[in-house]
Structure formats: C-alpha cells, structure tokens
Amino acid sequence: NAGVTQTPKFRILKIGQSMTLQCTQDMNHNYMYWYRQDPGMGLKLIYYSVGAGITDKGEVPNGYNVSRSTTEDFPLRLELAAPSQTSVYFCASSPTGIRNYGYTFGSGTRLTVV
Amino acid sequence: ELKVEQNPLFLSMQEGKNYTIYCNYSTTSDRLYWYRQDPGKSLESLFVLLSNGAVKQEGRLMASLDTKARLSTLHITAAVHDLSATYFCAVVLDSGAGSYQLTFGKGTKLSVIP
C-alpha cells in the first residue's frame, strides 16, 4: 500500500499565483484532512472531509479551498498565493469511526511564496 | 477552544539520561496521540492512549494519560542519539457527526548529545 501520497514535494510560487496540492490515499479512508505546519507552531487544521462530497473548514481556512469528489482524492487549492502561505502542508487520512489509530500522514509539500 | 500545551519546547539531554515531556490540554478528552517527526520528514505515530490511566511503552519511550488532570507524559529512559526528533502530542476534538479532529501541541524538539 502506498498510504497517503502528496504531490508535489516542493514548490515555489510567486505572489498572486495559484496552485493545487494533490493528496491521494489508497486505504479507503473516509476521513481526510489538510494541515499546515509553521516552524515552532505545531500543525493547524485547514480543511477536513468526512466523505466524498462533504468538506468543512478547520482552524485556518482563509486563502484555501478544497473539494472531495472521490474517496481517494482530497486536493487543496491555493488562490492568489501570499507570503503568509509559505509553510509545509500535510495531508492525512483516518478510518471511519475508528479512533484507535489516529491519522496516517503524507510526506508533506514544502511551499514557498516569494 | 481546545488548547494543547507541551513543555519543554526544546530539550537537550545527554545519552543515558532520563527525562519527561509533558502535554497538558484544556478540555475534556479521553484520547491522546503521540507522534514523532524527524527533520524534513512526515509524522510517524508512536502511541495512542484511549482511556484514563492508559500506559504504552515502546523501547525507551513510555507514554501515559491522566484524563482527570488533562495530562499526558512521554518518558524517555536512557536516551540514545536515535531518539533525537520532534515529538508532538495531539488531542481529539470531537466535532460530532462521527468525525474527529486532532489538535496538536507545538512540539518538543529533543536533541540527544553523545
């Protein structure tokens, strides 16, 4: 199993550009999450989804959008990139109704906005 | 709002010594997770603590949970260099509808010096 796969691993954007961070999981997990990690700040939840067609905002959703058309994919869209969005982004997934294992994380996308 | 506080945030210790990392959280929760992150890498699940009094051990690491005190500890015994990493605790915030979100502490950066 590949688990949770994120692409790209690294990206440099110019201010005002847009991009999509891809996240795919092959574990048939219903729940998926996007977090951002800033140095010394832990992880903050951007958006999450409890199943295909259902998404909801987390703690820091401004400047981002998500969609969930399939169980496997949960892309994160950045519109009009700003320097404040420079961060490492992690996608994660978890099984429905099973709280014994926490999340499975992807390897992360390191984004720099200049 | 659920707040999760870890201390210390930075820990430098000599090989062979013992130390404890503390994780306090602000609201009722009966599930707590510990993760390890190596530099530039993703988060790896270490322990899942599911009830008051839960204790889990793996090698030189032992985690415990006291839900009444809203406190978890990660105890390191006879530290070795390979344990150098950043350790995060995370607590469940039950958002209802069968979903849950993890709220993370800021992490404890552990450096074990030979």
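Our subject is the structure that appears above.
Residues numbered from 1 in each chain as written. Chains lettered and ligands numbered in written order. Predicted model: local features only at pLDDT ≥ 70, side-chain atom pairs only at ≥ 80, totals over all residues. Heavy atoms only, no water.

1. Regarding the interface of chain B and chain A
Many descriptions give the size of an interface as the accessible area lost when the pieces come together. Taken together, the contact pairs 25 residues of chain B with 24 residues of chain A. At the boundary of chain B with chain A, total buried surface from both sides reaches about 1,900 Å², with 53% on carbon and sulfur atoms. Between chain B and chain A we count zero salt bridges in total. Our count for the chain B to chain A interface comes out at six residue pairs in polar contact (both at pLDDT 80 or more). If you list the elements that add at least two residues to the side of chain B that touches chain A, you get β4 (32–37), β5 (43–49), β9 (85–96) and β10 (99–104) of chain B. The leading source of residues in the side of chain B that touches chain A is β10 of chain B, at five residues. (Contact = heavy atoms within 4.5 Å. Buried area = accessible area lost by both parts, 1.4 Å probe. Salt bridge = Lys/Arg side-chain N within 4 Å of Asp/Glu carboxyl O. Polar contact = N/O pair within 3.5 Å; in protein donor to acceptor, adjacent residues only side chain to side chain. Helix = DSSP H or I, 4+ residues; strand = E, 2+ residues; numbered from the N terminus.)

2. Quick notes on the pattern of salt bridges
All names here are of chain A. Enumeration over the complete set of coordinates arrives at four salt bridges over all chains. In this structure, the salt-bridge partner of aspartate 38 is arginine 36, at a minimum N-O distance of 3.0 Å. A salt bridge links lysine 44 to glutamate 59, with the nearest nitrogen and oxygen atoms 3.6 Å apart. Of this pair, lysine 44 sits in strand β5 (residues 43–51) while glutamate 59 sits in the loop between β6 (54–57) and β7 (64–66), placing them 15 residues apart in sequence. Glutamate 59 gets classed as partly exposed once you look at its relative accessible area, which sits at 47%. (Buried < 20%, exposed > 50% of the residue type's maximum accessible area, 1.4 Å probe, protein only.)

3. A look at the state of the cysteines
Inspection of the entire model under this criterion finds two disulfides over all chains. Two residues, cysteine 23 of chain A and cysteine 91 of chain A, share a disulfide whose sulfurs are 1.9 Å apart. Around the S-S axis, the bridge from cysteine 23 of chain A to cysteine 91 of chain A shows a dihedral of about -70 degrees and counts as left-handed. Within this pair, whereas cysteine 23 of chain A is found in strand β3 (residues 19–25), its partner cysteine 91 of chain A is found in strand β9 (residues 87–94), the two being separated by 68 residues in sequence. As far as the burial class goes, cysteine 23 of chain A and cysteine 91 of chain A line up, both buried. Across the disulfide, cysteine 23 of chain B is cross-linked to cysteine 89 of chain B (sulfur-sulfur distance 2.0 Å). Judged by the sign of its S-S torsion, about 80 degrees, the cystine formed by cysteine 23 of chain B and cysteine 89 of chain B is right-handed. Pair noted here: cysteine 23 of chain B is in strand β3 (residues 19–25) and cysteine 89 of chain B is in strand β9, with a separation of 66 residues, a long-range link. Judged by its relative accessible area of 0%, cysteine 23 of chain B falls in the buried class. (Disulfide = S-S within 2.5 Å.)

4. Regarding the sheet that holds strand β8 (residues 76–78) of chain A
Residue and element names in this part refer to chain A. Spatially, β1-β3-β8-β7 is the arrangement adopted by the four strands of the open sheet, whose pairing is antiparallel. Of all the strands in the sheet, the pair left with one neighbour each is β1 (4–7) and β7. Averaged over all pairs of adjacent strands, the angle between strand axes in this sheet comes to 20 degrees, irrespective of strand direction. Where β3 lies against β8, three bridges are found, and the strand directions are antiparallel. Counted as the bridge partner of threonine 20 is arginine 77 from β8. (Pairing = 2+ DSSP bridges. Axes fitted to C-alpha atoms, helices over the stretch in contact; angles between N-to-C directions.)

5. A short note on the packing of aromatic side chains
In total, this model carries 12 aromatic pairs over all chains according to the counting rule given. For the pair tyrosine 35 of chain A and tyrosine 103 of chain A, a centre-to-centre distance of 5.9 Å together with 50 degrees between the ring planes defines the contact as tilted. Here tyrosine 35 of chain A, found in strand β4 (residues 31–37), pairs with tyrosine 103 of chain A, found in the loop between β9 and β10 (104–105); they are 68 residues apart in sequence, far enough to count as distant. By relative accessible area, tyrosine 103 of chain A is classed as buried at 3%. When the centroid spacing of 5.4 Å and the interplanar angle of 80 degrees are considered together, the rings of tyrosine 35 of chain A and phenylalanine 104 of chain B count as edge-to-face. Of this pair, tyrosine 35 of chain A sits in strand β4 while phenylalanine 104 of chain B sits in strand β10, placing the two residues on different chains. This pair shows no difference in class: tyrosine 35 of chain A is buried, exactly as phenylalanine 104 of chain B is. Chaining the aromatic ring pairs together yields one cluster made of Tyr33, Tyr35, Tyr48, Phe90, Tyr103 and Phe105 of chain A together with Tyr35, Phe88 and Phe104 of chain B. The residue whose ring lies beneath arginine 68 of chain A is phenylalanine 74 of chain A, and the NZ or CZ to ring-centre distance is 5.9 Å. (Phe/Tyr/Trp six-rings, centres within 6.5 Å; stacked < 30°, edge-to-face > 60°. Lys NZ or Arg CZ within 6 Å of the ring centre and 35° of its normal.)

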